[in-house]
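Structural characterization, general
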Amino acid sequence: MKLIMRSEFDNLRLNNKHSYEVDTNTDKQVVKIYCGEILIAKKITQKKSIRYFAIKGYKDYLTEE
């Protein structure tokens, strides 16, 4: 997985064809975005740090804005 921009992550998350789940553990939160059974992106929030990651071909899953 590689770092991506927040706008790209939001584009993936807001797509109706994708599902997502949230895991929270004390000071760490992970949001995972799936297309069917495939994990395509995740957001990791730990304290004040937020990072967005996606798989190599994530641009194929983006919608036009």
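The preceding data block contains the structure.
Here goes a summary of the coordinates provided.

Conventions and cut-offs
- Residues numbered from 1 in each chain as written.
- Predicted model: local features only at pLDDT ≥ 70, side-chain atom pairs only at ≥ 80, totals over all residues.
- Heavy atoms only, no water.
- Pairing = 2+ DSSP bridges.
- Helix = DSSP H or I, 4+ residues; strand = E, 2+ residues; numbered from the N terminus.
- Contact = heavy atoms within 4.5 Å.
- Axes fitted to C-alpha atoms, helices over the stretch in contact; angles between N-to-C directions.
- Buried < 20%, exposed > 50% of the residue type's maximum accessible area, 1.4 Å probe, protein only.

Comments concerning the sheet that holds strand 3 (residues 28-35)
As summarised here, the arrangement of the five strands in space is 1-5-4-3-2, forming an open sheet in which the pairing is antiparallel. Edge positions in the sheet fall to strand 1 (2-3) and strand 2 (19-25), since each has one partner strand and no second. Across six bridges, strand 4 (residues 38-46) lies against strand 5 (residues 49-54) in antiparallel orientation. Bridge pairing in strand 5 links A41 to A54. With respect to the sheet, helix 1 (residues 6-14) is in contact with strand 2, strand 3, strand 4 and strand 5, its orientation differing from that of strand 4 by roughly 125°.

Some remarks on the environment of L39
By secondary structure assignment, the location of L39 is in strand 4. By relative accessible area, which is 28% here, L39 ends up partly exposed. For the pair L39 and H18, spaced 21 residues apart in sequence, the C-alpha separation works out to 9.9 Å. Sequence-distant contacts of L39, defined by excluding residues within four places in its chain, comprise M1, K32, I33, Y34 and I55.

Quick word on the pairing of strand 4
In terms of strand pairing, strand 3 meets strand 4 through eight bridges, oriented antiparallel. For V30, the partnering residue across the bridge sits in strand 4 and is I44. Between strand 3 and strand 4, which pair antiparallel and follow one another directly, the connecting turn spans two residues, one of which, G36, has a positive phi of 70°.

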